[in-house]
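One-letter residues, chain by chain:
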Amino acid sequence: MTTQQVWTKYAEDLKRFIFSKVKDEAVTEDILQDSFIKIHTKLHTLKDLKKLKPWIFSIARNSVLDYFKTTNKTFEYANFEAETEIETHAHTEKDCLRGILQNLPKKYRDPIFLSDIKGLKQQEVANQLKQNITTTKSQIQRARKLIAQGFMDCCGYQLNEEGNLVGEIQEKEDCKVCG
């Protein structure tokens, strides 16, 4: 499938999804374009076309999260999670991430949530949790490693030479976290 075919089939759905999160037409257009640049550059890596729709929505979701992080805007994670399901039976990275996050010890879950989900600076996280910055940085780094390990354990992801997770989400029944 070409990027043009993906655009024709899914652009309007992605646009509605993005707008439901950011509530701004201009920002929606920017995030949509950013998402399709990512889709275009990575489309060749998708091995199973049955996973195309969840995959492109994951890209859009991550682009929205990036927008909130880079603009230091806060949003309610619970509302973000309440998004319309892409497919009722689809198993996505979000399912695994939710399970992995729930299984993290609280001392790691709180700092990673405040830092990577809410977009607070690490010093702000330390202040909010009433602990020193060194402890906070350590907890965030440890949480990130535990999340990466969770994806490796759960769905067989691997770290590539650059240290990035690579792989494809397994079917729900094969997943060790969600299945």
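Here the structure is shown first, and the text comes after it.
Some remarks on the overall build of the chain
Then, number 1: Scanning the chain from terminus to terminus reveals 8 helices and 2 strands.
Then, number 2: For the chain, the succession of helices and strands along the chain, N to C, is α-α-α-α-α-α-α-α-β-β.
Then, number 3: Counting across all 179 residues of the chain, residues that qualify as buried make up 40%.
Then, number 4: Here the contacts in the chain between residues at least 6 apart in sequence split such that 57% fall between residues at least 24 apart.
Then, number 5: By element, 50% of the accessible surface of the chain is carried by carbon and sulfur atoms, the whole surface being about 10,700 Å².

Description of the packing of helix H7 (residues 122-129) against helix H8 (residues 133-155)
Then, number 1: Where H7 meets H8, the axes come as close as 9 Å, and the angle between the chain directions of the two elements is 110°. Viewed along their axes, H7 and H8 adopt a mutual orientation that is roughly perpendicular. Contacts between H7 and H8 involve Gln122, Gln123, Val125 and Ala126 from the first element and Ile133, Thr136, Lys137, Ile140 and Arg144 from the second.
Then, number 2: For the contact of H7 with H8, a count of residues per class yields 4 nonpolar, 3 polar and 2 charged.

About the cut-offs
- Here the residue numbers are simple positions, counted from 1 along each chain's written sequence.
- Whole-chain, interface and lining totals are the exception, using all residues; otherwise, since this is a predicted model, local features are given only for residues with pLDDT of at least 70 and side-chain atom pairs are given and counted only at 80 or more.
- Side-chain calculation: all heavy atoms of the structure are included, whereas hydrogens and water are not.
- Strands are runs of DSSP state E lasting at least 2 residues, helices are runs of H or I lasting at least 4, and numbering of each runs from the N terminus.
- Burial classes follow relative accessibility: with a 1.4 Å probe on protein chains only, a residue under 20% of its type's maximum area counts as buried, one over 50% as exposed, and anything between as partly exposed.
- The contact criterion used throughout is that any non-hydrogen atoms of two residues lie within 4.5 Å.
- Here the Shrake-Rupley method, with its probe set to 1.4 Å, supplies the accessible areas, and only the displayed protein chains count as covering residues.
- Every angle, taken between N-to-C directions, lies between 0 and 180 degrees, and every axis is a line fitted to C-alpha atoms, over only the stretch in contact when it is a helix.
- Should an angle fall under 35 degrees it is called roughly parallel, over 145 degrees roughly antiparallel, and 65 to 115 degrees roughly perpendicular, with every other angle called oblique.
- For this scheme, ten residues count as nonpolar: Ala, Val, Leu, Ile, Met, Phe, Trp, Tyr, Cys and Pro. Four count as charged, namely Asp, Glu, Lys and Arg, and the remainder, Gly too, count as polar.

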